[in-house]
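Coordinate inspection notes
This is what each chain is made of:
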Amino acid sequence: MPPAPPLIWDNKIESVAMRHAKDMNLHTTTIIEALTEVTPARRLDQAGYEWSAVAENIAWGYNDFKSVLVGWMKSPSHCKNIMSTKFTHFGAARYGDCWVQDFAKPLKSKNYSQN
């Protein structure tokens, strides 16, 4: 995919990613349910983040950042999220062997900062 502009780190999105990674790690028997019932968009809504575009990458079982990133980049759907120009902000987290990467674009009327 062609290069995309750099994303802006967002602490609120990071918090949403961390809560989801922790929840998946602690409740492994309900991961599929969690993935289908509570979407990334809904988790951002619950955190008060008003968005116009949102996506999420999830991975399990990787021991380090380099390995999970290589896995995401080799996956067409995950790579598409990473390289998309639809998103301007992101946050990511790891809890145990659960990795979450959330991407968003805030509503134009909102001016989210890196705080």
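Scroll up to find the structure this text is about.
Presented here is a report on the structure given in the accompanying data block. (Residues numbered from 1 in each chain as written. Predicted model: local features only at pLDDT ≥ 70, side-chain atom pairs only at ≥ 80, totals over all residues. Heavy atoms only, no water.)

1. Remarks on helix α5 (residues 76-83)
Residue pairs three or four apart in sequence face the same way in an α-helix, which turns once every 3.6 residues. Among all positions in α5, only His 78, Cys 79, Asn 81, Ile 82 and Met 83 are buried. Elements in contact with the buried residues of α5: β2 (51-60), α4 (65-74) and β4 (98-106). (Buried < 20%, exposed > 50% of the residue type's maximum accessible area, 1.4 Å probe, protein only. Helix = DSSP H or I, 4+ residues; strand = E, 2+ residues; numbered from the N terminus. Contact = heavy atoms within 4.5 Å.)

2. Observations regarding the nonpolar core
Counting residues in each nonpolar core, the largest one holds 11 residues, listed as Ala 53, Ala 55, Ala 59, Val 68, Trp 72, Cys 79, Ile 82, Met 83, Phe 87, Trp 99 and Phe 103. When contributions to this core are tallied by element, the ones reaching two or more residues are β2, α4, α5 and β4. Sequence-distant contacts of Val 68, defined by excluding residues within four places in its chain, comprise Ala 59, Tyr 62 and Trp 99. Ala 21, Ala 93, Cys 98 and Val 100 belong to the second largest nonpolar core, which has seven residues in total. (Core = buried A, V, L, I, M, F, W, Y, C linked by side-chain atoms within 4.5 Å.)

3. Here's the deal with the pattern of salt bridges
Considering all chains together, one arrives at one salt bridge under this definition. Salt-bridge contacts for Arg 43 lead to Glu 56; the nearest nitrogen and oxygen are separated by 2.7 Å. On the criterion of sequence distance, the pair formed by Arg 43 in helix α3 (residues 40-46) and Glu 56 in strand β2 is long-range, its members being 13 residues apart. Exposure class is identical for Arg 43 and Glu 56. Each is buried. (Salt bridge = Lys/Arg side-chain N within 4 Å of Asp/Glu carboxyl O.)

4. Section: the pairing of β4
The buried fraction of β4 amounts to eight of the nine residues, a majority that puts the element mostly inside the structure. Pairing of β2 with β4, which is carried by nine bridges, proceeds in the antiparallel orientation. Paired with Ala 59 across the two strands is Trp 99, which belongs to β4. Sheet topology note: the strand β3 (residues 89-95)/β4 ladder contains seven bridges and is antiparallel. (Pairing = 2+ DSSP bridges.)

5. Some details on the packing of aromatic side chains
With the rule as written, the count across this model stands at two aromatic pairs. Ring plane angle 90° and centroid distance 5.0 Å describe the contact between Trp 9 and Phe 90, whose orientation is recorded as edge-to-face. With a gap of 81 residues between them, Trp 9 in strand β1 (residues 8-9) and Phe 90 in strand β3 connect regions that are remote in the sequence. Taking relative accessible area as the criterion, Trp 9 reaches 29% and is therefore assigned partly exposed. (Phe/Tyr/Trp six-rings, centres within 6.5 Å; stacked < 30°, edge-to-face > 60°.)

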